[in-house]
Amino acid sequence: MDFKDQVRQLSERVSQLKDNIHTEEATKNAFIMPFLQVLGYDVFNPLEVVPEFICDIGIKKGEKIDYAIFKEGHPVILVECKHWKQSLDIHDGQLLRYFHVSKAKFSILTNGLIFRFYTDLVDANKMDEKPFFEFNLEAIKDGQIEKLKEFHKSSFDVNSVYQSAFESKNSNELRALLQKEFNDPGDEFTKHFVKQVYPTAVTAKVLEYYKPLLKRTIANFINDTLNDRLKLAITNDDSLSSSSVVESTNVSSEVVALPSVPTQADKEKAEIVTTEEELEGFYIVRSILRTKVPAARITHRDALSYFAIFLDDNNRRPICRLYLNAQTKKYLGTFDAAKKETKVEIKSLDDIYNYAAELEAVVGVYASSKVKEE
């Protein structure tokens, strides 16, 4: 069972059992300890997960936090737990104090359903007031599962996750600003656009006129773009059996004529669906190789029977192939210096890490230009 399936299974478990969980301790045992296990941590190993971790706060001695996850002998993640019915908003201050006196770089506040992840992006060694990542386990999305995987024991790296948290924080703030401006355009936001279409000085009266117009224009633009993409997707499906003309995704309403009779290559390309699992495998390969070459040089192309990964988008420089579309077994195909492929069965995408040496070796050959490209 891969990571996504484990998270989905835990999500179902939480929904089924929560009405029978009546205490905070039961919440820990039924929801939070299994959650830590899904992240790859051994909750029964005191060198890895320490329950009731002591965080002395000033003159208060013996203050405890529910769990501390250790790495190389030091706490890296603190976990404060509450009963699943409790709101987390009234508990942030307690975790903030714990964070300040420990060496941990990340903290999690959770009631088993809602999980909030914190770090110190604003002030060093002081936990931020707002989480950089939050999800509801009962309604977790695929993108959130990918984000959560950064905390898995097999791939957890403090510096990488901290940089990712920084990007998430900025992205969330920009998203919130855009949402606010889209819903209620401010003066400066409105003026930025009006100045480019209005011939004279932009006065308060002009702004008053353009604000509701800009709001409607943004809403219409978003709706039209979504509708155009939906029409294009539907038309592309229909084009496999008959000729068609589809609207361009460009909002100019221009039309683009597709070939009246699709070629075999068109049909095969239309049947290719790049899955999230294939992309996840690609990101694993890229993370392995980024110490050898810049990440941008690791590229991919999808095919009907496999998902190929190359160096420099060059099919003469194959790194590996992922065979993930079969109903039962999955395979990884690695290449040697002679470009001979060796296929091995993998139980999960995490098994790719076991072949890091082979991946690094073939990239090393390509990077040193010792291989003859034919």
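See above for the structure.
Residues numbered from 1 in each chain as written. Predicted model: local features only at pLDDT ≥ 70, side-chain atom pairs only at ≥ 80, totals over all residues. Heavy atoms only, no water.

### Some remarks on the pairing of strand β13 (residues 341–346)
Item 1. For strand β12 (residues 330–335) and β13, the ladder comprises 6 bridges, and the chain directions are antiparallel. From the neighbouring strand, Tyr331 faces β13, where its bridge partner is Glu345.
Item 2. As consecutive antiparallel partners, β12 and β13 are separated by 5 residues, and within that stretch Lys339 has a phi angle of approximately 65 degrees, a positive value. (Pairing = 2+ DSSP bridges. Helix = DSSP H or I, 4+ residues; strand = E, 2+ residues; numbered from the N terminus.)

### A closer look at the side chain of Thr299
Item 1. For Thr299, the location among the structural elements is in strand β9 (residues 298–302).
Item 2. When its relative accessible area of 17% is taken as the criterion, Thr299 is described as buried.
Item 3. At a separation of 2.8 Å, a polar atom in the side chain of Thr299 contacts the main-chain amide nitrogen of Asp313.
Item 4. Residues in contact with Thr299, not counting those within four places in the same chain, are Phe282, Ala308, Ile309, Phe310, Asp312 and Asp313. (Buried < 20%, exposed > 50% of the residue type's maximum accessible area, 1.4 Å probe, protein only. Polar contact = N/O pair within 3.5 Å; in protein donor to acceptor, adjacent residues only side chain to side chain. Contact = heavy atoms within 4.5 Å.)

### Some words on empty space enclosed by the protein
Item 1. Across all of its chains, the model carries 1 cavity of 30 Å³ or more by this definition.
Item 2. Reported here for the largest cavity is a volume of approximately 30 Å³.
Item 3. Along the walls of the largest cavity sit Asp2, Phe3, Lys149, Glu280, Ser348, Leu349 and Asp350, which together make up its complete lining.
Item 4. Class assignment of the residues belonging to the lining of the largest cavity gives a composition of 2 nonpolar, 1 polar and 4 charged. (1 Å grid on protein atoms, 1.4 Å probe; cavity = no way out; pocket = protein on both sides within 12 Å on 5 of 7 lines; lining within 4 Å. Points joined across faces, edges and corners; volume = space filled by probe spheres on them. Nonpolar A, V, L, I, M, F, W, Y, C, P; charged D, E, K, R; others polar.)

### A short note on the pattern of salt bridges
Item 1. Counted under the stated rule, the structure contains 23 salt bridges.
Item 2. Lys105 serves as the salt-bridge partner of Asp120, at 3.2 Å between the closest nitrogen and oxygen. Note that Asp120 is positioned in the loop between β5 (114–118) and β6 (133–136) and Lys105 in the loop between α3 (92–101) and β4 (106–110), a separation of 15 residues in sequence.
Item 3. Residue class for Asp120 comes out buried when judged on its relative accessible area of 3%.
Item 4. For the salt bridge of Lys347 with Glu345, the shortest nitrogen-to-oxygen distance reads 3.3 Å.
Item 5. Beyond isolated ion pairs, a larger network of salt bridges with shared partners links Glu24, Glu25, Lys28, Glu52 and Asp66. (Salt bridge = Lys/Arg side-chain N within 4 Å of Asp/Glu carboxyl O.)

### Regarding the sheet that holds strand β2 (residues 64–71)
In a beta sheet, neighbouring strands are held together by backbone hydrogen bonds and run either parallel or antiparallel to one another.
Item 1. The sheet built from 6 strands is open, its strands ordered β1-β2-β3-β4-β5-β6 with mixed pairing. Both outer strands of the open sheet, β1 (49–54) and β6, are each paired with one neighbouring strand and no more. When strand polarity is set aside, the average angle formed by the axes of neighbouring strands in this sheet is 25 degrees.
Item 2. In the sheet, β2 pairs with strand β3 (residues 74–81) via 5 bridges, with the strands oriented antiparallel. Its bridge partner being in β3, Ala68 is matched across the sheet by Leu78. (Axes fitted to C-alpha atoms, helices over the stretch in contact; angles between N-to-C directions.)

### Some words on the sheet that holds strand β10 (residues 307–311)
Item 1. Read from one edge to the other, the open sheet built from 5 strands follows the order β9-β10-β11-β12-β13, with strand pairing classed as antiparallel. Each of the sheet's edge strands pairs with one partner strand only, and the pair in question is β9 and β13. Pairwise comparison of adjacent strand axes, ignoring direction, gives a mean angle of 30 degrees for this sheet.
Item 2. Across 5 bridges, β10 lies against strand β11 (residues 314–323) in antiparallel orientation. Within β11, the position partnered with Leu311 by the bridge is Asn314.
Item 3. The strands touched by helix α9 (residues 276–289) within the sheet are β9, β10, β11 and β12, with β9 carrying the most contacts at an inclination of about 160 degrees.
Item 4. Contacting β10, β11 and β12, helix α10 (residues 356–367) runs over the sheet at an angle of about 170 degrees to β11.

### Let's talk about helix α2 (residues 24–38)
Item 1. Along its 15 residues, α2 runs 20 Å from first to last C-alpha, staying within 8% of the 21 Å computed at 1.5 Å per residue.
Item 2. Taking the largest bend as the criterion, α2 deviates by roughly 30 degrees, centred on Ile32, and proline Pro34 comes between one and four positions later.
Item 3. Buried within α2 we find Thr27, Lys28, Ala30, Phe31, Ile32, Met33, Pro34, Phe35, Leu36 and Val38.
Item 4. One or two residues past the end of α2 sits Gly40, with phi positive at roughly 95 degrees. (Expected span 1.5 Å × (residues − 1). Bend = angle between axes of the 7 residues up to and from the residue.)

### Considerations on the packing of helix α1 (residues 3–17) against α2
Item 1. Axis separation between α1 and α2 bottoms out at 10 Å; the angle between their running directions is 180 degrees. The angle between the axes of α1 and α2 places the two elements in the roughly antiparallel class. Residues Phe3, Gln6, Val7, Leu10, Arg13, Val14 and Leu17 of α1 form the contact with α2, whose own contacting residues are Ala30, Phe31, Pro34, Phe35 and Val38. (Parallel < 35°, antiparallel > 145°, perpendicular 65-115°, else oblique.)

### Notes on the packing of α9 against α10
Angle between the axes and distance between the axes are the two parameters that describe a pair of packed helices.
Item 1. The geometry of α9 relative to α10 is characterised by a closest axis approach of 10 Å and an angle of 65 degrees between their N-to-C directions. By the angle class used here, α9 and α10 are roughly perpendicular. Note that α9 runs across α10; the crossing there is right-handed. Judged by residue contacts, Val285, Ile288 and Leu289 of α9 engage Ala356, Leu359, Glu360 and Val363 from α10.
Item 2. A class-by-class count of the residues in the contact of α9 with α10 yields 6 nonpolar, no polar and 1 charged. (Left-handed = near helix turned anticlockwise from the far one by under 90°.)

Such coordinate-based values are descriptive only and should not be taken to indicate function.
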